[in-house]
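Here are the chains, one letter per residue:
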Amino acid sequence: MKIALGCFIQESHSFSPVAGSWLHFGPGQLAAGPEMIRQVAGARSELAGALAVAGQAGAEIAPLMSAVASASSGPVQHAVFAALRDELLDRLRAAGPLDGLCMVLHGAMAAEGHEDATAEVLAGLHAEIGSATPLVATLDLHANTTAQMVAQATALVGYHTAPHVDQYETGQRAMSLLLAALAGRVRPVTALRRLPMILPAENGRTTEGPFSEVMAQVKALTKKPDILDASAFSVQPWLDVWDVGCSVVVIADGDRGLAEREADRLADAFWQRRHDFAVQLTPTRDAIRRTLASSHGPFVLADVADAPSSGAPGDSTIVLEALLECRPERDCLLNIVDAGAVASMAAAGPGKDVTLQVGGRIAGVYNPVQVSGRVRLIADGDFVNKGPGNRGALIHRGLTAVLQIGHIFLVVMERPVIQWDPELYRSVGLEPADAQIVVVKSPAAFRAAYGPLATEILLLDAPGICSPDLRSFPFVHVRRPLYPLDDIRDWRSALGRDAGALR
Ligand SMILES: [Zn+2]
C-alpha cells in the first residue's frame, strides 16, 4: 500500500499590497522528498499526524513536497503558483502507481488568474491520480471551502480548533479516512453548505463564544453512526472573490441523504449565531494608558489589524507611536517588519546607539517613525514554536534586531511571520511574562500560548488591512448580498439561483 503525501499552504488576502511571491516560499519554507519527512519529525503538524497513522497501518509513504508560505499575503503571483503546482504534479507523476493521496492544504489560497487556487491544485492532482484513487485533504478552519474543491476530493477535513491546536489530529483524521476509503471499509459522501457570510476571526474561537457552540455540534455529529467526519469553516474574510463565504461540510458513509440533512442543520446553527461574532475593540491609546497604569501585568495587546497570519505586512507604527508618546517606565515588547532598518542596525552592530526610521513602508496605511535607541542584539531570526499551536514548527523571519528605546524593546525583523508563539520574543532574549505590555499581531490564535501568561488580553482598535470591521473594506467582486455587508435574514434565499450550484 503506497500513499503519496504533500503539502501546499498559503492564505490569501485580497487587500494586501504584497503579492504572494518567492519571498514567502523562500529558504526553509520548501522541502521535498525525504527532506520533507525529516522536517516534520517531532512537530505537531498535519503531516506528522498523517505520517503517524500511515506508519501504524504499515503504509509506504511517497513524500512529494511541502510548500508553506511564511505568512499570509495577497494572491500568489501566477508564475510562483504555477511553478509550485507543476512541481507538485511532477513529483506525483514520478511517485509511480499509488493507492491514495493525502494533501495538507489551507483552503483560502488565491493566485493571479485563479480565485480558487486550492480547487485548481486539487483538480490537477485529481486528474493525475484518477477518480479510482482516493484523495483526502486537510483544510484550515478559515478555508473558503467551495463546491469546486469538494468535487475534486474524496473528502476534505478541517481543523476543529481556533486557536488552531489540532493540526496533528487533523492530519490523523485525514489519513485514517483515506486508509478506510482505499480499503473499501467506508464510502465517503460529502454534503457542503455555503453560507452568504464572512466573519471576523476575533470571536471565531472554539474555546468560548458562538463558534464554540457550532463546533460542539460538529464534534457531536462526528460521533453519530454513519457520519465519518464534519467541519465548520469560518473563512478568511478579506477575500474579495465572487464565491466567498463560511461553510460546513458533513461526510457520511454512503448515505447522501444523511449528509445533506446534517449539513443543513449545522449550517442553520452557524447562521443563527452570526451576530454574536461582532468584535469589541479598545482604542489603542486608552489601552496603553490603562495597562501602563495598572499594578498588574503582563497585558497582551493584540494589534489585530496588522496580523501577518491574516495577511498584513506587519509594519504598523500605530502602537509604537502610542508607546513612545507614553514613555513607559516598565518593559514593553513589540515587533515590526522593516528589512532596511534591520540592515542598518546590523551594520551598526550590537551595543551601538542608532537613530533611524522604522516601519510604515509596506502597507501603505502608516508612516515611518523615527526612533533612537541601542541595538541590543542581532540574530538570524529563526525560532521554533513551543506553545500548543503548531508546536515544533521552525519559523524563519529573516535577520532580526532588538532595539531598546528606554523601556520599549522593539523586535525588528526582515519578514512577517505568524505570531502565535512567545518564542518570537524569547528567542531574542525577551521574556513576555516579565513585561508590562506585550504586543502580539494576531486576531485569535495567539491566545493558546499567550492566554496562560496574560493578566488580561485587549484587542486594539487600530487601522490596518486586517481590521475586523469588514464593512470598512472596498469589496467589489463578492457575490451580494453578503453578511455583514448586507443585512440578510434567510441564507437560502440570499443565495438565490446560486444555491443549487453551490451545494
Ligand atoms: Zn486559520
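Here the residue numbers are simple positions, counted from 1 along each chain's written sequence. A pLDDT threshold of at least 70 governs which residues receive local features in this predicted model, and a stricter bar of 80 or more applies before side-chain atom pairs are shown or counted, although totals over entire chains, interfaces and linings include all residues. The side-chain numbers reported here are obtained from all heavy atoms of the structure, hydrogens and water having been left aside.

Student: So what about the pairing of strand β6 (residues 155-158)? Which residues, and what values?
Tutor: With burial as the criterion, each face of β6 is covered, one bearing A155 and V157 and the other bearing L156 and G158. By definition, two strands form a pair when at least two bridges between them are found by DSSP. Runs of H or I in DSSP of at least four residues are treated as helices and runs of E of at least two as strands, each being numbered from the N terminus. The pairing of strand β5 (residues 135-139) with β6 spans 4 bridges and is classified as parallel. Bridge pairing in β6 places T138 opposite V157. For every residue, the accessible area obtained with a 1.4 Å probe (protein chains only) is divided by the maximum for its type, and the residue is called buried under 20%, exposed over 50%, and partly exposed between those limits.

Student: Would you mind going over the sheet that holds strand β12 (residues 332-337) in detail, with residue names and values included?
Tutor: Reading across the sheet, the 9 strands line up as β10-β20-β11-β19-β12-β18-β17-β14-β13 and stay open at both edges, with mixed pairing between neighbours. Here the strands that pair on one side only, and so sit at the sheet edges, are β10 (282-283) and β13 (353-358). Here strand β11 (residues 299-302) runs beside strand β19 (residues 437-440); their pairing, made up of 4 bridges, is parallel. In the sheet register, L301 faces β19, and the bridge partner there is V439. In what follows, residue pairs with any heavy atoms lying within 4.5 Å of each other are defined as contacts. Orientation is described by lines fitted to C-alpha atoms, with helices fitted over the stretch in contact, and by angles between N-to-C directions that extend from 0 to 180 degrees. The strands touched by helix α10 (residues 318-326) are β12, β13, β14 (369-379), β17 (400-405), β18 (408-413), β19 and β20 (456-461); relative to β14, the strand with the most contacts, the crossing angle is about 105 degrees.

Student: Tell me about the coordination of the zinc ion, and please be specific about residues and values.
Tutor: Distances define the donors: N, O and S atoms within 2.8 Å of the metal qualify, as do those within 3.2 Å of Na, K or Ca. Water is excluded, so some sites may look unfinished. Surrounding the zinc ion are the protein donor atoms D140 (OD), D140 (OD), H142 (ND1) and H164 (NE2), at 2.1 to 2.8 Å. Around the zinc ion sit 4 donor atoms, and with donor-metal-donor angles ranging over 51 to 144 degrees the site reads as irregular. If you list the donors of the zinc ion from N- to C-terminus, the spacing comes out as D-x1-H-x21-H. On the criterion of sequence distance, the pair formed by D140 in the loop between β5 and α5 (147-151) and H164 in the loop between β6 and α6 (167-182) is long-range, its members being 24 residues apart. For D140, a relative accessible area of 7% corresponds to the buried category. Every angle between 85 and 135 degrees makes a four-donor site tetrahedral, while opposite donors more than 155 degrees apart, with all other angles between 65 and 115, make a four-donor site square planar and a six-donor site octahedral; other sites are irregular.

Student: Describe in detail the domain arrangement of the protein, supporting the description with residues and values.
Tutor: Domain start and end points were adopted from an automatic or database domain assignment. Segmentation of the protein into domains returns domain 1 (2-277) and domain 2 (282-469). Relative to domain 2, the C-alpha centre of domain 1 lies at a distance of 30 Å. The partner domain 2 presents 29 residues to the 27 residues of domain 1 that form the contact. Buried area is a sum: the accessible area each of two parts loses on coming together, probed at 1.4 Å, counted once for each and added. Summing both sides of the interface, domain 1 and domain 2 together bury roughly 2200 Å²; the carbon and sulfur share of this comes to 59%. Three residues, P163, E202 and W238, lead the burial of domain 1 against domain 2; their summed loss comes to 24% of the area buried on that side. What makes a salt bridge here is a side-chain nitrogen of Lys or Arg within 4 Å of a carboxyl oxygen of Asp or Glu, nothing more. At the junction of domain 1 with domain 2, the criterion picks out 0 salt bridges. Pairing of N or O atoms within 3.5 Å defines a polar contact, subject to two protein rules: one partner must be a possible hydrogen donor and the other a possible acceptor, and residues neighboring in sequence count only if both atoms are side-chain atoms. Applying the counting criterion to the domain 1 and domain 2 interface returns 6 residue pairs in polar contact (both at pLDDT 80 or more).

Student: Describe the pairing of β20, with residues and values.
Tutor: Where β10 and β20 come together, 2 bridges link them in parallel fashion. Paired with T282 across the strands is L460, a residue of β20. Both β11 and β20 contribute to a ladder of 4 bridges, which runs parallel. Across the sheet, residue F299 finds its bridge partner in β20, namely E456.

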